[in-house]
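Summary of the model geometry
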Protein chains: 2
Amino acid sequence: MTDIHSLTRKLQRQNDSKIILCVSDGLGGLPLEPLGKTELETAHTPNMDALAQRGVTGLSVPVLPGIAPGSGPGHLGLFGYDPLKYEIGRGVLEALGIDFDLGPDDVAIRGNFCTVDTNGWITDRRAGRIGSDVGAELCEKLDRIAIPGVEVFVRHVREYRLVIVFRAADLGSEVDDTDPQQTGVAPVPPRANNEASRRTADVCRKFLAQAADILQNDAPANLLTMRGIAKRPAIPAFEEVYGTRAAAIAVYPMYRGLARLVGMEVLEAGNSLADQMACLVMHWDEYDFFFVHFKYTDSTGEDGNFEGKVKRIEDLDAAIPRMTELNPTVFILTGDHSTPARMRSHSGHPVPTLLVAENCRFDGSNAFGESICRAGELGQFESKYLMLQALAHAGRLEKYGA
Amino acid sequence: MTDIHSLTRKLQRQNDSKIILCVSDGLGGLPLEPLGKTELETAHTPNMDALAQRGVTGLSVPVLPGIAPGSGPGHLGLFGYDPLKYEIGRGVLEALGIDFDLGPDDVAIRGNFCTVDTNGWITDRRAGRIGSDVGAELCEKLDRIAIPGVEVFVRHVREYRLVIVFRAADLGSEVDDTDPQQTGVAPVPPRANNEASRRTADVCRKFLAQAADILQNDAPANLLTMRGIAKRPAIPAFEEVYGTRAAAIAVYPMYRGLARLVGMEVLEAGNSLADQMACLVMHWDEYDFFFVHFKYTDSTGEDGNFEGKVKRIEDLDAAIPRMTELNPTVFILTGDHSTPARMRSHSGHPVPTLLVAENCRFDGSNAFGESICRAGELGQFESKYLMLQALAHAGRLEKYGA
């Protein structure tokens, strides 16, 4: 059994190298027609192509062949954490997504406002998709709920979605969803699946009872269901396992949250790629490792917008010189998964990846795209090994064994 | 630790897709001369080549690099069962090979008729390779052996080979072979290697004592040895782990048995590829997944018959349109291992594989053969992951993680 981190703890070496890991979310794609070009191959990317010529390419498998990952496992893999070992529950991801600073004792829950009739049966699992203004107001009311011995936080996400966090020592998180996934029935009462979670289920029941009182005149949002009840996984810190001081430069909260989960410092990244580049330049001397996240290749893919994704890739390409002119020891460009516009969803296709460093073994890649990556020196590899390549090419790993 | 099935249980999704897994036994080969073409590359295969153009290719590693698998592990891998985790004993495989319907309590044993002299020492470990008619008659006699508390089945395989099955609750199978692997010595008495197998060893001794009486006048086959004493592995059912109703269409009993072992329905497949295709068409609406087995690429390889194997590949190629005109969502063509005619045996060379589906990322493969597969999008992969690709391309897997 390969434990990457027991290896990196032993082999880590300090030097002055700098590593940039630039993640273009959902980067991998598919052609629209047989034998056509993918989004990345269609895009005009002179900077990426020049890097491919100076570096090596390959295809990254986020979890296992064919498996389409969510953002959580996709990023954990790139950070070198086995996504099958460290699972991130929906409640935790949702809390990370609104920049909520989850502690190790916190139980996070994704809530959905719903509508119940006078029998208590659900008539609408999304409360008529109430507007965000309404949802925010209701969350403020619920945030006043008090349960003895437990700190309660209620935060609005968007429309009918919210996050509930219970903070207290020794709360388990093995509690089933209360959302029955259908209408015409009552919500499922919170049920614990182990002894350690009985108190948590009890806290959930108390919360829901108070919420029912508070919301009784707020139809269509006169109740809520709970899903993805979870605690953050016990995950070793990036600096401890790799010996690098790492910083995250991400516009969207969920990716800041994922970075925080592995112990990266989260920098003020602004709202645009230009802001992110300025942030990178400003903090260049302070860290060894920079995670730069670019969201829009995923969102355009999810929208089924092939041309839009091409355009976003070109936007990213234009920003690349700002990163490379800092002369990072290692520069990596990859994605956390594929999001082919044709499929309008995350997919299990392997992800084009490039790595540039002084000591990489040039592989004849003359551009950056799926077809070229297929023949690259990095081969087809599980994404959890990418950090080893990053550290190795930065001279940050000792020889293994004598 | 990656447990494929704990993942597929969680992610499985139902839809109307259909998957065909066509296994050409021992498909992979070797050229006769350096820089020559393999059997598959020599064959004229317009249908396979057209599929390669519409799909993706790769090389499947049945167990681990270099390891030549038997039929059991070869097929288990293709069915997504780690062949290093699930071991199929020789006795079990032999029983499957004669269509014996092994139950979970059955201990199966491969028997060899042998010749012993008046001292009880073995003079011929294969009883002069008696004819199948003689062997069958002796097995009928032995089938009458009665042992209290145990059901006994004796079935003829071929020539000097037979299968013995003991059926009773709580029989262990850790009993050593009795074949001493040499002549001039007595057979080894059955010896249990754990407490749970002591009764089994005792049953073996009783069986052998009665057999010695029955066969005393049947020289050269006046005794038998026992090998590969085993029970079928506890293996989760295909439908449970993948959520697909699966059917096997195989002419040879061993492959039907392997399919039955993982819980596939075994259909009446007839005696020829034409019969198998008719069977597939007839049952098309009843199942989600079809395993179609073609034996003759292996048997010609084992015979060292390069031209014969080429011809058999061409026979299979001609049958392919019958499968593809059914419009399967995913069509896979692969082998359970390589059987190069040049080696006259199974080998550890990776196996050419092609997968065709609407959402596959075309990889420029323009024909089906080992050299082209080497550069294909599927890469070089452990065969146990092929089912993930099949399910993913059929839209039968949810996203992993949030």
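Residues numbered from 1 in each chain as written. Chains lettered and ligands numbered in written order. Predicted model: local features only at pLDDT ≥ 70, side-chain atom pairs only at ≥ 80, totals over all residues. Heavy atoms only, no water.

**Some words on the interface of chain A and chain B**
Taken residue by residue, the interface counts 34 residues in chain A and 28 residues in chain B. Surface buried jointly by chain A and chain B totals about 2,500 Å² across both partners, of which 58% is contributed by carbon and sulfur atoms. Taken together, the links from chain A to chain B amount to two salt bridges. With a closest N to O distance of 3.2 Å, Glu87 of chain A and Lys10 of chain B form a salt bridge. Linking chain A with chain B are 16 residue pairs in polar contact (both at pLDDT 80 or more), by the criterion used here. For the side of chain A that touches chain B, the secondary-structure elements that each account for two or more residues are α4 (71-78), α5 (90-97) and α13 (370-374) of chain A. Of the residues forming the side of chain A that touches chain B, the biggest block, three residues, is contributed by α4 of chain A. Classifying every residue of the side of chain A that touches chain B gives 18 nonpolar, 10 polar and six charged. (Contact = heavy atoms within 4.5 Å. Buried area = accessible area lost by both parts, 1.4 Å probe. Salt bridge = Lys/Arg side-chain N within 4 Å of Asp/Glu carboxyl O. Polar contact = N/O pair within 3.5 Å; in protein donor to acceptor, adjacent residues only side chain to side chain. Helix = DSSP H or I, 4+ residues; strand = E, 2+ residues; numbered from the N terminus. Nonpolar A, V, L, I, M, F, W, Y, C, P; charged D, E, K, R; others polar.)

**Observations regarding the sheet that holds strand β1 (residues 19-24) of chain A**
Residues and elements named next belong to chain A. Judged by pairing direction, the sheet is mixed, and its eight strands sit side by side in the order β9-β8-β10-β1-β11-β12-β2-β13 without closing on themselves. A single partner strand is all that each edge strand has here, and the edge strands are β9 (265-266) and β13 (379-382). Alignment of strand β8 (residues 246-249) against β9, held across two bridges, turns out to be parallel. Residue Ala247 lies in a different strand from β9, and its bridge partner there is Glu265. Where helix α9 (residues 253-261) meets the sheet, its contacts fall on β8, β9 and β10 (289-294), and the angle it forms with β10 comes to roughly 155°. (Pairing = 2+ DSSP bridges. Axes fitted to C-alpha atoms, helices over the stretch in contact; angles between N-to-C directions.)

**Some thoughts on the relation of the copies chain A and chain B**
Laying chain A over chain B is done by rotating through 125° and shifting 0.0 Å along the axis; what remains is an RMSD of 0.1 Å. Seen this way, the second copy is the image of the first under a three-fold rotation axis. Looking at the interface residues of chain A, only 3% of them are also at the interface in chain B, so each copy uses its own face. (Least-squares fit on C-alpha atoms with pLDDT ≥ 70 in both.)

**Focus: the nonpolar core**
Side chains of nonpolar character tend, in soluble globular proteins, to be buried together. Core analysis: the largest hydrophobic core is formed by 58 residues, its most contacted members being Ile67 of chain A together with Tyr81, Phe238, Met264, Phe289 and Phe291 of chain B. Broken down by element, this core gets its largest block of residues, five residues, from helix α14 (residues 386-393) of chain B. Those residues within four positions of Phe291 of chain B in sequence are excluded, and the remaining contacts are Leu21, Val23, His75, Phe79, Ala247, Ala248, Ile249, Tyr255, Ala259 and Met264 of chain B. With 51 residues, the next largest nonpolar core counts Val163, Leu258, Phe381 and Leu391 of chain A among its residues. (Core = buried A, V, L, I, M, F, W, Y, C linked by side-chain atoms within 4.5 Å. Buried < 20%, exposed > 50% of the residue type's maximum accessible area, 1.4 Å probe, protein only.)

**Focus: a nonpolar patch on the surface**
All names here are of chain B. The grouping of Leu64, Ile67 and Leu84 at the surface amounts to a nonpolar patch, some 270 Å² of accessible area in total. You can see Ile67 is positioned in the loop between β2 (56-61) and α4 (71-78). Taking the relative accessible area as the measure of exposure, Ile67 reaches 42% and is therefore partly exposed. (Patch = residues over 30% accessible without salt bridge, like charges linked within 9 Å, V, L, I, M, F, W, Y side chains within 5 Å. Areas by Shrake-Rupley, 256 points an atom, 1.4 Å probe, with all protein chains shown as cover.)

**With respect to the sheet that holds strand β13 (residues 379-382) of chain B**
Residue and element names in this part refer to chain B. Spatially, the eight strands line up as an open sheet ordered β9-β8-β10-β1-β11-β12-β2-β13, and their pairing is mixed. Two strands bound the open sheet, and with one partner strand each, they are β9 (265-266) and β13. Relative to strand β10 (residues 289-294), strand β1 (residues 19-24) runs parallel, the two sharing six bridges. The residue of β10 that forms the bridge with Cys22 is Val292. Across the face of the sheet, helix α10 (residues 273-282) comes into contact with β1, β8 (246-249) and β10 while running at roughly 175° to β10.

**Quick word on the side chain of Ser24 of chain B**
All names here are of chain B. By the element assignment, Ser24 lies in strand β1. A distance of 2.7 Å separates polar atoms of two side chains, one belonging to Ser24 and the other to Thr297. Apart from the residues lying within four places of it in its own chain, the contact partners of Ser24 are Phe294, Thr297, Leu316, Leu333, Thr334, Gly335 and Asp336.

**Here we look at the confidence of the model for chain A**
In this model, chain A carries an average pLDDT of 96, and 100% of its residues clear a pLDDT of 70 or more. Scored as a whole, the predicted complex attains pTM 0.91, and scored at its interfaces, ipTM 0.90. (pLDDT = per-residue confidence, 0-100.)

**Quick notes on the packing of helix α3 (residues 46-54) of chain A against helix α12 (residues 306-324) of chain A**
All names here are of chain A. At a closest axis distance of 7 Å, the pairing of α3 and α12 adopts a crossing angle of 55°. In this view, α3 runs oblique relative to α12, as classed from their interaxial angle. Residue-level contacts link Pro46, Asn47, Met48 and Leu51 of α3 to Ile313, Leu316, Asp317, Ala318, Ile320, Pro321 and Thr324 of α12. Of the residues assigned to the contact of α3 with α12, the class counts are eight nonpolar, two polar and one charged. (Parallel < 35°, antiparallel > 145°, perpendicular 65-115°, else oblique.)

**Some details on the packing of α4 of chain B against helix α9 (residues 253-261) of chain B**
Any two packed helices are characterised by the angle at which their axes cross and by the distance between the axes. Residues and elements named next belong to chain B. The contact between α4 and α9 brings their axes to 10 Å, and the two run at 45°. Here α9 runs oblique to α4, going by the angle between their axes. Judged by the sense of rotation from one axis to the other, the crossing of α4 with α9 is right-handed. Counting all contacts with α4, which are made through Ser71, Gly72 and His75, the residues of α9 involved are Met254, Tyr255 and Leu258. Of the residues belonging to the contact of α4 with α9, the class tally is three nonpolar, three polar and no charged. (Left-handed = near helix turned anticlockwise from the far one by under 90°.)

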